[in-house]
Amino acid sequence: MNIAILGYGYWGPNLARNFFNLNNNCKLKLIVDHNPQRLELARKQYPNIAVALNIDDAINSTDIDCIVIALPISLHYPIAKEALLKGKNVLVEKPMTQSVEQAEELIELAIKKNTVLMVDHTFLYTGSIRKIKELIDSDELGEIQYFDSVRINLGIFQYDSNVIWDLASHDISILEYLFNESPEKIQTIAISHTKNKIENMAYLSLFYKTNKFAHINVSWSSPVKVRRIIIGCSKKMILFDDIEPTEKIKVYDTGYSIKSIDDKSKVLIDYRTSDIFIPKIDNTEALKLMCEDFINAVNNNKKPISDYSLGLKVIKTLESAEKSIVKY
Ligand SMILES: NC(=O)c1ccc[n+]([C@@H]2O[C@H](COP(=O)([O-])OP(=O)(O)OC[C@H]3O[C@@H](n4cnc5c(N)ncnc54)[C@H](O)[C@@H]3O)[C@@H](O)[C@H]2O)c1
């Protein structure tokens, strides 16, 4: 399997490093970027790998089997479509496309051409999220009640997507994976402080049929970097702090239950606080596992974790969130 990586900006080099180091029947063959300085860097880092300025060199090459798209979001759909039309397997960065219609068209094309289409929702492959999934599925935590995420920093203001598509796409993919359920209703408050009307701060509230609730705060305008998720469950609660170098997950044996309700609806609560448990998590690089999952899908027809169905659900939620933005 010969691989071409399109886009060698911030994320492309991480993909290149991982595909270069994989041994399982795949070979990084070509790196494409229209910025000569980025190509020069690629050439220095991988002297034996071909580089090109033009995306067509990868798409039209009969030598390339897999196209990895690490380009700006607005190029995901048109380039993935071209690659699929040529019968290539496609790994596209998150979020898959800029609309549900585009995502559905790509999926239809991948099915028709019998090729793999996968989205890089990297978080699903992190040791932390895999551990949280394991704890949730084991029923140790009880029923999920809420998910509360803060993902803020002084981020790069994108020109072709707002902060919801850029950052909340991570949380929405995590929610799909952990809840196994899509939200029924979404309300979003978002604001743009720039003159191009691209929102740089947003607060998303997601409501689920099963009475679960999620809140996501994303921002490119924070003086500090925060990556914190609290998941409240009926038996225990989880704090996931991705900035922590080692103890990223803490499981609090903390909870409450209703003791009694009197005739005036006055509720008496029983509180319970006990131990805090810090589970050991696997430190394998998430991107390595994601790249392996893609190659496994191509070589062995195995359904990847971050497959196109999950990618589409993320786009549906992103689109609904965007439509629900309260405009003043
Ligand atoms: N999975 C993750 O955790 C994660 C993290 C960061 C970024 N991303 C995604 O990766 C993608 C790229 O993001 P980035 O931060 O690396 O952006 P970037 O702007 O740093 O890199 C994009 C690169 O594409 C090149 N490029 C743009 N148009 C081109 C064209 N027409 N032909 C050839 N090259 C072209 C640019 O020169 C640049 O080097 C985005 O979709 C983003 O959402 C994913």
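Our subject in this report is the structure included herewith. Values in this document were obtained by computation on a predicted structure and should not be read as measured data.

## Considerations on the packing of aromatic side chains
Here is step 1: Tallying each qualifying case throughout the model produces seven aromatic pairs.
Here is step 2: With 5.7 Å between their ring centres and 50° between their planes, Tyr10 and Trp11 make a pair best called tilted.
Here is step 3: By relative accessible area, Trp11 is classed as partly exposed at 26%.
Here is step 4: Counting every residue linked through ring pairs, the aromatic cluster contains Phe147, Phe179 and Tyr208.
Here is step 5: In this arrangement the basic side chain of Lys185 is found over the ring face of Phe207, its NZ or CZ atom lying 6.0 Å from the centre.
Here is step 6: Just above the ring of Phe179 sits the side chain of Lys212; from NZ or CZ to the centre is 5.5 Å.

## Remarks on the site of the ligand
Here is step 1: The local shell around the ligand holds 21 residues, among which Trp11, Asp33, His76, Lys94 and Thr122 are the closest.
Here is step 2: Tyr10 places a polar main-chain atom, nitrogen or oxygen, 2.9 Å from an oxygen atom of the ligand.
Here is step 3: Thr122 places a polar side-chain atom, nitrogen or oxygen, 2.8 Å from a nitrogen atom of the ligand.
Here is step 4: When the free accessible area of the ligand is taken as 850 Å², the share hidden by the protein chains comes to 79%.
Here is step 5: For the shell around the ligand, the per-class residue count stands at nine nonpolar, seven polar and five charged.

## Regarding the sheet that holds strand S11 (residues 226-233)
Whether parallel or antiparallel, the strands of a sheet pair through hydrogen bonds between backbone atoms.
Here is step 1: Taken in spatial order, the eight strands make up an open sheet running S8-S9-S10-S7-S11-S12-S13-S14, and their pairing is mixed. Every other strand in the sheet has two partners, leaving strand S8 (185-191) and strand S14 (267-277) as the edge strands with one partner each. Strand-to-strand twist of the sheet, defined as the mean angle between neighbouring strand axes without regard to direction, takes the value 10°.
Here is step 2: Pairing of strand S7 (residues 144-152) with S11 involves eight bridges; the strand directions are antiparallel. Within the sheet, the bridge partner assigned to Ile144 lies in S11 and is Cys233.
Here is step 3: Across the sheet, helix H7 (residues 163-179) is in contact with S7, S8, strand S9 (201-207), strand S10 (213-219) and S11; its angle to S10 comes to roughly 155°.
Here is step 4: Lying over the sheet, helix H9 (residues 308-323) contacts S8 and S9, oriented at roughly 60° with respect to S8.

## Thoughts on unusual backbone geometry
Here is step 1: Put simply, Lys94 and Pro95 share a cis peptide bond, and its omega is -20°.
Here is step 2: Its place among the elements puts Pro95 in the loop between strand S5 (89-93) and helix H5 (100-113).
Here is step 3: Non-glycine residue Lys197 carries a positive phi angle of around 65°.
Here is step 4: Take Lys197: it is sitting in the loop between S8 and S9.

Here is what the cut-offs are and how they apply
Residues numbered from 1 in each chain as written. Predicted model: local features only at pLDDT ≥ 70, side-chain atom pairs only at ≥ 80, totals over all residues. Heavy atoms only, no water. Phe/Tyr/Trp six-rings, centres within 6.5 Å; stacked < 30°, edge-to-face > 60°. Buried < 20%, exposed > 50% of the residue type's maximum accessible area, 1.4 Å probe, protein only. Lys NZ or Arg CZ within 6 Å of the ring centre and 35° of its normal. Near = heavy atom within 4 Å. Polar contact = N/O pair within 3.5 Å; in protein donor to acceptor, adjacent residues only side chain to side chain. Areas by Shrake-Rupley, 256 points an atom, 1.4 Å probe, with all protein chains shown as cover. Nonpolar A, V, L, I, M, F, W, Y, C, P; charged D, E, K, R; others polar. Pairing = 2+ DSSP bridges. Helix = DSSP H or I, 4+ residues; strand = E, 2+ residues; numbered from the N terminus. Axes fitted to C-alpha atoms, helices over the stretch in contact; angles between N-to-C directions. Contact = heavy atoms within 4.5 Å.

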